[in-house]
Amino acid sequence: MKLIYVAGKGGVGKSVCSAATGIWASEKGLKTLVFSMDPAHSLSDIFDIDLGSQPNKIKEHLFAYEPDLAEESRSFFRRYKNMITALFGLFEVEVKPEDFASMPGVSELIFMDKLNDIYVQKKYDLVVIDSAPTAMVLPLLQLPSITTGFVTKVLGIRNKWIGVLNMLESGFGDSILKEVRAMRLKAETMRNALTDPKTASITVVTIPEKAAVEESRRLIETVQSHGVNVSAIVINHVIGECPCQFCQEKMASQTSYIQDIRNRYHDKDIVILPDYGGEVKGERLNRVAEDLYVKGQMEI
């Protein structure tokens, strides 16, 4: 199984590129899943189909999945109930399953947990991960060290406290350790997958404007410092030839940012996508797929 992680600033066209990549791969005979890690799902709108909360077949070899965050948070809470209860119990905070999804950082944990399930089941040849805005990729890389530290501390007090916890409720302390170890294993599995260039790569999507280019630069530097392969940069919403003054000024500005990206990242595939002049969804995704993988000469 291969993973393509599509990352970038919000609003630059990650979901469109993810969907188009899924279409292209499936047409090449690869059983492909486009998996949304963005709580603000948009794949249903882009594919122009109601996906539901389970992998849904779009066409031959192509599936898409928008996990329902509220539903998945309840499942996640049940899976790690003892660990969550113990962790928040330290601060005398009671956490209810229905409130869990809204807590900071929880969506990253839930999506990581779900992505791991998909990865270890190996049902697909390719999983295209439609990420949330930039920061979502970082918890996937940092979580193993966080959970390892937590496990180490828990194991360090095991002899002193696990027996006490077991006395409060039979098996409670041992269940905490089991759940924390399970989470650490999943986090390590996903980090190892993301840092293996034979398994995973990141495609960064941006637009030729200062804020987006700078955020993309920080993203690339950060993930590469973790050993993750950034294989391609897609520059979206590039204006075509037009004689009007507005477009001429816009083109001049865009050209400078595009050239800067080309100079800085000459070792990566750089693909230019035009401004399509309207909403891209449904059948129009085929044109994006062609622009990415035929004209842009990207490879899967």
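Refer to the preceding data block for the structure.
S.K.: Outline the overall build of the chain, supporting the account with residue identities and numerical values.
M.R.: Along the chain, the regular secondary structure elements total 12 helices and eight strands. Long-range pairs, those at least 24 residues apart, make up 75% of the contacts in the chain with a sequence separation of at least 6. Of the roughly 14,800 Å² of accessible surface on the chain, a fraction of 51% belongs to carbon and sulfur atoms.

S.K.: How would you summarise helix H12 (residues 285–295) if you had to cite specific residues and measurements?
M.R.: Looking only at H12, the buried set comprises Leu 285, Val 288, Ala 289, Asp 291, Leu 292 and Tyr 293. All buried residues of H12 fall inside an arc of 160 degrees around its axis, so they share one side. Contacts made by the buried residues of H12 are with helix H1 (14–27), helix H2 (43–47), strand S7 (230–238) and strand S8 (269–274).

S.K.: Pulling in residues and values, what's your account of the packing of helix H10 (residues 210–225) against helix H11 (residues 245–264)?
M.R.: Close contact between H10 and H11 brings their axes to 11 Å; oriented N to C, the two are set at 15 degrees. Comparing their axes, H11 and H10 come out roughly parallel. As for the relative orientation of H10 and H11, their crossing is right-handed in sense. On H11, the residues that touch Lys 210, Val 213 and Arg 217 of H10 are Tyr 257, Asp 260, Ile 261 and Arg 264. Classifying every residue of the contact of H10 with H11 gives three nonpolar, no polar and four charged.

Cut-off values and rules
Residues numbered from 1 in each chain as written. Predicted model: local features only at pLDDT ≥ 70, side-chain atom pairs only at ≥ 80, totals over all residues. Heavy atoms only, no water. Helix = DSSP H or I, 4+ residues; strand = E, 2+ residues; numbered from the N terminus. Contact = heavy atoms within 4.5 Å. Areas by Shrake-Rupley, 256 points an atom, 1.4 Å probe, with all protein chains shown as cover. Buried < 20%, exposed > 50% of the residue type's maximum accessible area, 1.4 Å probe, protein only. Arc of directions from axis to C-beta. Axes fitted to C-alpha atoms, helices over the stretch in contact; angles between N-to-C directions. Parallel < 35°, antiparallel > 145°, perpendicular 65-115°, else oblique. Left-handed = near helix turned anticlockwise from the far one by under 90°. Nonpolar A, V, L, I, M, F, W, Y, C, P; charged D, E, K, R; others polar.

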